[in-house]
Amino acid sequence: VAKTSLTSPPWPEVKLPDPVEEAKYHAAEVVRKVNGLISAGRYGRLFAVVHFASKQWKITSEDLIMMDNVLEAECGDRIRMEKVLLVGADDFTLVGRPLLGKDLVRVEATVIEKTESWPKVNMRFWRRHNFQRKKIITNPQTVLRINTIEIYPCLS
Amino acid sequence: MVVLSAARWVRSRLSDRFWRVQEVLKYARHFRGRKNRCYKLAVRSVRRAFVRSTKARREKKRFLRGLWITRIEAASLEHGLKYPAFISNLLKSQVELNRKVLADLAIYEPKTFKSLAALAQRRRQEGFLAALGDGKEPEGIFSRIVHHH
């Protein structure tokens, strides 16, 4: 039968690889290679995306984080952050769905200081109504220093 | 002479007027024109400045989210995906990164962003395949090709 404009759909035909073969390839090649790289220590600086204090942060080692709330930990306490969404190095990235396992990544941080923010002025004013309210707000803040990000070769 | 109450013609006078005025003027020192020097004009300007800063603190969140979305859109277009396709497919693959972090990755970790774009593209194709089904026509339907016997 002759080919017309309606014989094939207008979108390009995409053939996806076979799921069984792809799972085999993934398990054999990719996981083995990445495990090998991790256990050999062949990665430079690691970065991680961590969910902490209801916000997501992209962090590396030795960097400072400031949260706009109170943390129930004294200054100098070591903290382990458990909700890690993504860990990456130069050659590979481990993406969590949505979180990565706790036996795979370890992110350590120390509480450095607990202060208040600079005095922010909250003012409301309605003109011609003799209404003005002024309030000075100082939020409590906590500063953390990310000590280390470690990964262990227990992929599967 | 015993004085039981203060004399009536003594009124109390302000002694710290200077500091009360400086409290307001210190917030106006970087303004333009006479409102950085004259109290009467400065009071109005400082009040408007405070009110605007309170409102801006709420608007900043909206503005930054739009900025992140623009950046993610630009980065995903570089990899051949549009922003709605990228975000929806990432969410369907259970990757819950927010727009702030995606924008940071797009700027500072281009390889990671490329892999995320590839993940979203692959999930998109799988979604299309699942929606199309087998590709066969349902039974009992007249097709274009009619065979005469």
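Look up a bit, the structure's there.
The numbers attached to residues start from 1 for each chain and follow its sequence in the written order. Written order determines the labels here, with chains lettered from A and ligands numbered from 1. A pLDDT threshold of at least 70 governs which residues receive local features in this predicted model, and a stricter bar of 80 or more applies before side-chain atom pairs are shown or counted, although totals over entire chains, interfaces and linings include all residues. As a rule here, side-chain values come from all non-hydrogen atoms in the structure, and water together with hydrogens is ignored.

Draft legend 1. Inspection of the layout of surface pockets at higher detail. Considered as a void within the structure, the largest pocket measures approximately 1,200 Å³ in volume. Lining the largest pocket we find 32 residues, and of these H26, V30, T93 and V95 of chain A together with L119 of chain B sit closest to its centre. Classifying every residue of the lining of the largest pocket gives 16 nonpolar, six polar and ten charged. With a 1 Å grid laid over protein atoms only, a set of points is called a cavity when a 1.4 Å probe fits there but cannot get out and a pocket when it is open yet has protein on both sides within 12 Å along at least five of seven lines; lining residues have an atom within 4 Å of a point. Grid points are joined across faces, edges and corners, and a volume is the space filled by probe spheres set on the points. In this structure, the second largest pocket encloses a volume near 590 Å³. Lining the second largest pocket are 19 residues, and of these K120 of chain A together with S53, R57, K60 and K61 of chain B sit closest to its centre. Numbering of helices and strands runs from the N terminus; a helix is a DSSP stretch of H or I covering at least four residues, while a strand is a stretch of E covering at least two. Mapped by element, the contributors of at least two residues to the lining of the second largest pocket are β8 (120–126) of chain A together with α2 (39–78) of chain B. Split into classes, the residues belonging to the lining of the second largest pocket amount to ten nonpolar, three polar and six charged. As a working rule, the residues Ala, Val, Leu, Ile, Met, Phe, Trp, Tyr, Cys and Pro are called nonpolar, Asp, Glu, Lys and Arg charged, and the rest polar, with Gly in that last group.

Draft legend 2. Structural detail: helix α5 (residues 110–132) of chain B. Multiplying 1.5 Å by the residue count of a helix minus one yields the expected span of that helix. Given a rise of 1.5 Å per residue, 23 residues ought to cover 33 Å, and the 33 Å separating the end C-alpha atoms of α5 of chain B matches this to within 8%. Residue burial is assigned from relative accessible area. The probe radius is 1.4 Å, only protein chains are included, and a residue is buried under 20% of its type maximum, exposed over 50%, and partly exposed in between. Those residues of α5 of chain B lying buried are T112, F113, L116, A117, A120 and Q125 of chain B. For α5 of chain B, the elements touching its buried residues are β1 (47–52), β5 (84–88) and β6 (93–95) of chain A together with α2, α3 (83–92) and α4 (99–108) of chain B. Should any heavy atoms of two residues lie within 4.5 Å, those residues are considered in contact.

Draft legend 3. How the structure looks around the interface of chain B and chain A. On the side of chain A, 28 residues touch chain B, which itself brings 28 residues to the contact. Summed over both partners, the interface of chain B with chain A comes to about 2,600 Å²; 61% of that surface belongs to carbon and sulfur atoms. When two components associate, each loses some accessible surface as probed by a 1.4 Å sphere; the sum of these losses over both components is called the buried area. Of all residues in chain B, R47, F50 and R122 of chain B give up the largest surface area on contact with chain A, accounting jointly for 19% of the area buried on that side. A side-chain nitrogen of Lys or Arg and a carboxyl oxygen of Asp or Glu constitute a salt bridge if their distance falls within 4 Å. The interface formed by chain B and chain A contains three salt bridges. Its salt-bridge partner being K58 of chain A, residue E109 of chain B comes within 3.3 Å of it at the nearest N-O pair. In protein, a polar contact means a hydrogen-donor-capable atom and an acceptor-capable atom, both N or O and within 3.5 Å, with residues adjacent in sequence counting only if both atoms are side-chain atoms; elsewhere, any N or O pair within 3.5 Å suffices. Run the count over chain B and chain A and you get ten residue pairs in polar contact (both at pLDDT 80 or more). Within the residue set of the side of chain B that touches chain A, elements represented by two or more residues are α2, α4 and α5 of chain B. Of the residues belonging to the side of chain B that touches chain A, the class tally is ten nonpolar, eight polar and ten charged.

Draft legend 4. Structural context of the sheet that holds strand β7 (residues 105–116) of chain A. All names here are of chain A. Two strands qualify as a pair provided that DSSP identifies no fewer than 2 bridges between them. Spatially, the four strands line up as an open sheet ordered β3-β10-β7-β4, and their pairing is antiparallel. Each of the sheet's edge strands pairs with one partner strand only, and the pair in question is β3 (64–67) and β4 (78–81). If you compare each strand with its neighbour and ignore which way they point, the axes differ by 35° on average. Bridging between β4 and β7 involves four bridges; their strand directions are antiparallel. Its bridge partner lying in β7, R80 is registered against E108. The angle between two axes is taken between their N-to-C directions and runs from 0 to 180 degrees, where each axis is a line fitted to C-alpha atoms and a helix contributes only its stretch in contact.

Draft legend 5. Seen up close, the sheet that holds β6 of chain A. Pairing in this open sheet of four strands is antiparallel, and the strands run β2-β1-β5-β6 (chain A) from one edge to the other. The sheet is open, and its two borders are formed by β2 (55–60) and β6 of chain A, each paired with just one other strand. Pairwise comparison of adjacent strand axes, ignoring direction, gives a mean angle of 15° for this sheet. When β1 of chain A meets β5 of chain A, the two strands line up antiparallel, connected through four bridges. Within β5 of chain A, the residue paired with V49 of chain A across the bridge is L86 of chain A. Contacts from α4 of chain B reach β1, β2 and β5 of chain A, with the element oriented near 25° to β2 of chain A.

Draft legend 6. Structural context of the nonpolar core. We define a nonpolar core as any set of buried Ala, Val, Leu, Ile, Met, Phe, Trp, Tyr and Cys residues linked to one another through side-chain atoms lying within 4.5 Å. By size, the foremost hydrophobic cluster in this structure holds 29 residues, and its most contacted members are I59, V105 and V107 of chain A. Those elements that place two or more of their residues in this core are α1 (19–40), β1, β2, β3, β4, β5, β7 and β10 (140–151) of chain A. If we ignore the near neighbours within four places in the chain, the residues touching I59 of chain A are L46, F47, A48, V50, I65, V107, I146 and I149 of chain A. Core analysis: the second largest hydrophobic core is formed by 22 residues, V49 of chain A together with Y83, A85 and L102 of chain B among them.

Draft legend 7. Representation of unusual backbone geometry within the structure. Residue and element names in this part refer to chain A. In this structure, P98 follows R97 across a cis peptide bond, with omega equal to -20°. In the Ramachandran plot, R128 falls in the positive-phi region, its phi being about 65° despite a non-glycine side chain. Residue placement: R128 occurs in the loop between β8 and β9 (131–137). Even without being glycine, N130 reaches a positive phi, approximately 55°. With respect to the helices, strands and loops of the structure, N130 is situated in the loop between β8 and β9. The exposure class of N130 is exposed, given its relative accessible area of 80%.

Draft legend 8. Quick peek at the pattern of salt bridges. Within this structure, the stated rule accounts for ten salt bridges over all chains. The salt bridge partner of R45 of chain A is E62 of chain A, with a shortest N-O separation of 3.4 Å. One end of the pair, R45 of chain A, is in the loop between α1 and β1; the other, E62 of chain A, is in the loop between β2 and β3, with 17 residues separating them in the sequence. In this structure R45 of chain A comes out as partly exposed when scored by relative accessible area, which is 48%. A residue is classified by how much of its surface remains accessible, and E62 of chain A, at 54% relative accessible area, is exposed. K111 of chain B serves as the salt-bridge partner of D90 of chain A, at 3.0 Å between the closest nitrogen and oxygen. Linking D90 of chain A in the loop between β5 and β6 with K111 of chain B in helix α5, this pair reaches from one chain into another. This pair shows no difference in class: D90 of chain A is exposed, exactly as K111 of chain B is.

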